[in-house]
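Commentary on secondary and tertiary structure
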Amino acid sequence: MTSPRKSPIWHPFTQHALHGEMTRIVRGEGAYLYTADDRRIIDAIASWWVVTHGHCHPHIVRAIQEQAEQLNQIIFAGHTHDPAEAVAAQLLKLAPEGLDYVFFSDSGSTSVEVALKMALGYWHNIGVPRTRIIVMEHSYHGDTVGTMSVGARGVFNRAYEPLLFDVASIPFPAAGHEQATLDALEAACKEQTAAAFIVEPLILGAGGMLMYSPWVLAEMKRICEAANVLFIADEVMTGWGRTGTLFACEQAGITPDIACYSKGLTGGSLPLAVTLCRADIYDAHYSSDRARMFFHSSSYTANPVACAAAKANLELWQHGTGERVTSLAAMQERMLAPFRTDARFESVRRTGTITALDLKASDAGYLGGIGPKLQAFFERRNLLLRPLGNTIYVMPPYCLTEADLVEIYAAISDAADELA
Ligand SMILES: *Cc1c(COP(=O)(O)O)cnc(C)c1O
């Protein structure tokens with residue numbers, strides 16, 4: 001098939017042959033996006049789960065402007081700078097107690113790659129032959145070869161399957177079936193080669209907004225700890241208030257051995273990620289032997305402008321963001337309540353500021369026709385929503401108003417009438 005499109009740009013997760021022209025956005029402010037043809041769109045998914053305080057938050061914009069004039073890039077091997085030092089120090093104060101070191105990178109996928117390399121580097125450097133990673137069914141950890149290996153296998157990565165490494169997989173802890181998950185994890189941890197377990201705490205995002213309870217997370221941590229298997233929390237999406245607390249692990253009262261944060265780290269303004277780890281993982285790389293150093297870097301590691309944006313984000317968290325998260329979560333619950341008994345939907349659910357509901361439809365599933373049809377319907381209503389198959393979810397910036405939410409849920413209800 002050849003393309004009649006004018007633009008040479010190849011967009012992410014887009015089947016261009018089925019998609020019209022891309023919506024051209026010229027400006028963002030708070031929860032709103034403005035198009036070239038002057039439409040105002042409510043951003044109900046925080047521009048792919050990254051925008052927390054709203055688009056172009058003035059405090060973050062100012063920090064970016066000031067830093068850009070001062071120092072906008074510096075090699076991070078052998079050098080450091082104030083924004084990175086400030087962010088690292090503040091992160092360690094806010095993250096679960098017991099995480100001691102911060103490694104910077106520039107995307108969620110990279111932060112997960114770093115976590116996996118830290119885990120294998122740890123075992124390698126202490127001379128224990130553990131290399132197998134344990135994962136949870138339906139997980140998503142990124143689109144690079146390493147992160148695809150630890151994520152759900154399917155149509156998304158079928159072509160690349162020969163490159164993916166082998167992992168041990170445990171079932172998702174669906175309500176009422178948690179014990180099967182815990183038993184499977186315990187069995188996998190008993191394998192001599194088990195190196196680490198990686199999991200999205202409380203909610204599996206791209207896998208369909210699948211939610212599970214904090215006690216399951218706490219139990220999984222306990223099992224890993226007992227078996228001496230490293231516990232990696234991928235909080236790339238769940239971090240920064242999404243689940244109602246700053247980090248999801250807080251709700252289970254656990255400290256992971258390694259934690260990955262990205263998306264909301266800069267409030268959604270610039271790409272940046274961090275991987276935090278416990279001292280013993282860092283110490284296993286600390287040596288007079290250069291061969292034991294941590295062999296990882298990217299050109300823009302800890303870019304000063306991105307770090308300044310992250311620092312500004314952390315400042316906003318000291319000034320009322322937690323309260324806005326709590327009130328948005330309560331508003332979301334009120335909006336969702338009528339849908340809990342609505343026969344057109346099933347699995348109506350919420351964790352913190354995220355709601356999700358599955359539309360009963362014959363062409364459900366990620367590649368079924370319903371997802372794009374829903375998305376087009378919402379676009380006509382000037383709403384940015386991007387259902388995962390028949391799973392409609394709302395994950396807005398925290399500045400969204402109640403009136404905006406009313407509009408979003410009215411459209412969801414109308415979409416069910418029109419499309420189901
Ligand atoms: C988005 C996401 C990633 C990947 O982050 P990118 O910045 O898109 O590379 C990894 N893990 C989880 C849980 C995510 O939601």
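Labelled according to an unreviewed UniProt entry, the chain appears under the name Adenosylmethionine-8-amino-7-oxononanoate aminotransferase, originating from Bradyrhizobium uaiense. Per its UniProt entry, the chain bears the Subcellular location (unreviewed entry) comment "Cytoplasm".

Moving on, we come to helix α3 (residues 82-94). An ideal rise of 1.5 Å per residue puts 18 Å on 13 residues; α3 measures up with 18 Å between its terminal C-alpha atoms. On its buried side, α3 packs onto α2 (58-70), β4 (101-105), β11 (258-261), β12 (273-277) and α9 (304-317).

We now examine the sheet that holds strand β7 (residues 194-199). Sheet architecture is open: seven strands sit in the order β4-β12-β11-β10-β7-β5-β6, paired in mixed fashion. Strands with a single pairing partner mark the edges of an open sheet, and in this sheet they are β4 and β6 (168-170). Strand after strand, the sheet turns through a mean of 20° between neighbouring axes, direction not considered. Packing of helix α4 (residues 108-125) onto the sheet brings it into contact with β4, β5 (132-136), β7, β10 (230-234), β11 and β12, and relative to β12 it is tilted by some 25°.

The local shell around the ligand consists of Trp49, Ser107, Gly108, Ser109, Tyr140, His141, Gly142, Glu200, Asp234, Val236, Met237 and Lys263. Between the ligand and Ser109 there is a distance of 2.6 Å, counted from an oxygen atom to a side-chain nitrogen or oxygen. Lys263 places a polar side-chain atom, nitrogen or oxygen, 2.7 Å from an oxygen atom of the ligand. Expressed as a share of its isolated accessible area of 380 Å², the protein-covered part of the ligand is 83%. Partitioning the shell around the ligand into residue classes produces four nonpolar, five polar and three charged.

Even without a glycine there, the phi angle at Ala46 is positive, about 50°. Of note, Ala46 is situated in helix α1 (residues 46-49). Judged by relative accessible area, which is 0%, Ala46 ranks as buried. A positive phi angle is found at Trp240, which is not glycine, with a value near 60°. Exposure remark for Trp240: the relative accessible area of 0% places this residue in the buried category.

So, about the pattern of salt bridges. For the structure shown, the criterion picks out 16 salt bridges. Among the ionic pairs, Glu219 bridges to Arg222, the shortest N-O distance being 2.9 Å. Note that Glu219 and Arg222 are positioned in helix α7 (residues 214-227) at a spacing of three residues, about one turn of the helix. A salt bridge links Asp257 to Arg278; the shortest N-O distance between them is 3.6 Å. Of this pair, Asp257 sits in the loop between β10 and β11 while Arg278 sits in the loop between β12 and α8 (279-283), and the two are 21 residues apart along the sequence. By relative accessible area, Asp257 is classed as buried at 11%. Take Arg278: its relative accessible area is 25%, and that puts it in the partly exposed class. Three or more residues are tied together by salt bridges with common partners; here these are Asp37, Arg39 and Glu379.

What follows is about the state of the cysteines. Summed over all chains, the structure comprises zero disulfides. Looking at Cys260, it has no disulfide partner, and the nearest cysteine sulfur is the one in Cys249, 10 Å off.

Our next topic: the domain arrangement of the chain. Where interface size is quoted, it is often the accessible area lost as the parts come together. Per the domain assignment, the segments of the chain are domain 1 (61-317) and domain 2 (321-419). A separation of 28 Å is found between the C-alpha centroids of domain 1 and domain 2. Domain 1 puts 16 residues into the contact, and the matching count from domain 2 is 19 residues. Surface buried jointly by domain 1 and domain 2 totals about 1500 Å² across both partners, of which 66% is contributed by carbon and sulfur atoms. Contact with domain 2 buries area across many residues of domain 1, yet Met209, Met211 and Arg242 alone supply 46% of it, more than any other trio. Summed over the shared surface of domain 1 and domain 2, the result is zero salt bridges. The residue makeup of the side of domain 1 that touches domain 2, split by class, is 10 nonpolar, five polar and one charged.

The next subject is the UniProt feature "binding site: substrate" (unreviewed entry) in the chain. With numbering aligned to this structure, UniProt lists the feature "binding site: substrate" (unreviewed entry) at Trp48, Tyr140, Lys263, Ser297 and Arg386. What stands out for the annotated residues spanning 339 residues is how far apart their C-alpha atoms range, the widest pair being 33.0 Å apart. You can see Lys263 is positioned in the loop between β11 and β12. Among residues more than four places away in sequence, those in contact with Lys263 are Trp48, Trp49, Val50, Val236, Met237 and Gly268. Looking at the secondary structure, you find Arg386 in the loop between β15 (383-384) and β16 (391-394). There is a polar contact of 3.2 Å between the side chain of Arg386 and the backbone oxygen of Phe13.

Definitions and cut-offs
Residues numbered from 1 in each chain as written. Predicted model: local features only at pLDDT ≥ 70, side-chain atom pairs only at ≥ 80, totals over all residues. Heavy atoms only, no water. UniProt positions renumbered as here; feature names shortened; annotations may be inferred. Helix = DSSP H or I, 4+ residues; strand = E, 2+ residues; numbered from the N terminus. Expected span 1.5 Å × (residues − 1). Contact = heavy atoms within 4.5 Å. Pairing = 2+ DSSP bridges. Axes fitted to C-alpha atoms, helices over the stretch in contact; angles between N-to-C directions. Near = heavy atom within 4 Å. Polar contact = N/O pair within 3.5 Å; in protein donor to acceptor, adjacent residues only side chain to side chain. Areas by Shrake-Rupley, 256 points an atom, 1.4 Å probe, with all protein chains shown as cover. Nonpolar A, V, L, I, M, F, W, Y, C, P; charged D, E, K, R; others polar. Buried < 20%, exposed > 50% of the residue type's maximum accessible area, 1.4 Å probe, protein only. Salt bridge = Lys/Arg side-chain N within 4 Å of Asp/Glu carboxyl O. Disulfide = S-S within 2.5 Å. Domains from an automatic or database assignment. Buried area = accessible area lost by both parts, 1.4 Å probe.

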